[in-house]
Amino acid sequence: MLDKRTRALFPFIERIFADAGYNAKKTAQSASATGRWVLQIVKRGDAHRFVVMPKRWIVERTLAWISRNRRLARDFERYASTVVAFIRLAMIRIMLRRLAANASA
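All values derive from a computational prediction rather than experimental measurement.

Just to check I follow, could you spell out the pairing of strand 2 (residues 38–41) for this structure?
Looking down a regular strand, the side chains alternate between one sheet face and the other. Across 4 bridges, strand 1 (residues 15–18) lies against strand 2 in parallel orientation. Pairing of Ala18 across the sheet is with Ile41, part of strand 2. For the crossover from strand 1 across helix 2 (residues 25–32) to strand 2, the handedness is right-handed.

Structure below.
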């Protein structure tokens with residue numbers, strides 16, 4: 001359950017984008033319990049053709065970047081805290097590459 005402590009850890013988050021699987025009262029109540037977070041459900045379009053959904057695309061692209069790391073390509077970890085640590089390392093690696101590319105340009 002999200003609470004005020006969670007909000008204090010992530011003050012920069014204003015809106016949470018979620019899949020239709022999270023379209024439940026409990027999820028919306030948890031997000032609103034933080035004080036300012038708004039839960040926005042991003043629904044899929046027509047299932048028979050490919051359509052880029054702006055917010056869904058951000059999530060899918062990020063998951064694709066993360067899964068390029070061998071350790072995160074499969075669910076091998078025993079503890080959730082280990083997975084979180086490796087995801088953080090993967091994102092740091094992505095950001096360092098971007099910063100290095102901008103610095104040399």
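Got a minute to help me understand the packing of helix 3 (residues 54–67) against helix 4 (residues 80–104) in this structure?
For any two helices packed against each other, one specifies the inter-axial angle together with the distance between the axes. It is the contact of helix 3 with helix 4, at a shortest axis distance of 9 Å, that shows an interaxial angle of 95°. As the angle between them shows, helix 3 and helix 4 are arranged roughly perpendicular. The residues of helix 4 that touch helix 3, namely those facing Thr62, Trp65 and Ile66, are Ile87, Met91, Ile94 and Arg98. Its residues assigned to classes, the contact of helix 3 with helix 4 comprises 5 nonpolar, 1 polar and 1 charged.

Rules of the game
- Just so you know, the residues in each chain are numbered from 1, in the order the chain's sequence is written.
- For a predicted model such as this one, the threshold for reporting local features is a pLDDT of at least 70, and the threshold for listing and counting side-chain atom pairs is 80 or more; totals across whole chains, interfaces and linings nevertheless cover every residue.
- Water and hydrogen atoms play no part in the side-chain values, which are based on all heavy atoms of the structure.
- Paired strands are those between which DSSP finds at least two bridges.
- By the criteria applied, helices consist of DSSP H or I runs no shorter than four residues and strands consist of E runs no shorter than two, each listed in order from the N terminus.
- Orienting the strands away from the viewer, one traces the path from the first strand over the helix to the second; a clockwise path indicates a right-handed crossover.
- Throughout, an axis means a line fitted to C-alpha atoms (over the contacting stretch in the case of helices), and angles, computed between N-to-C directions, take values from 0 to 180 degrees.
- The cut-offs work like this: below 35 degrees is roughly parallel, past 145 is roughly antiparallel, 65 to 115 is roughly perpendicular, and the gaps in between are oblique.
- Contacts between residues were defined by any pair of non-hydrogen atoms, one from each residue, lying within 4.5 Å.
- Residues are grouped as follows: Ala, Val, Leu, Ile, Met, Phe, Trp, Tyr, Cys and Pro are nonpolar; Asp, Glu, Lys and Arg are charged; all remaining types, including Gly, are polar.

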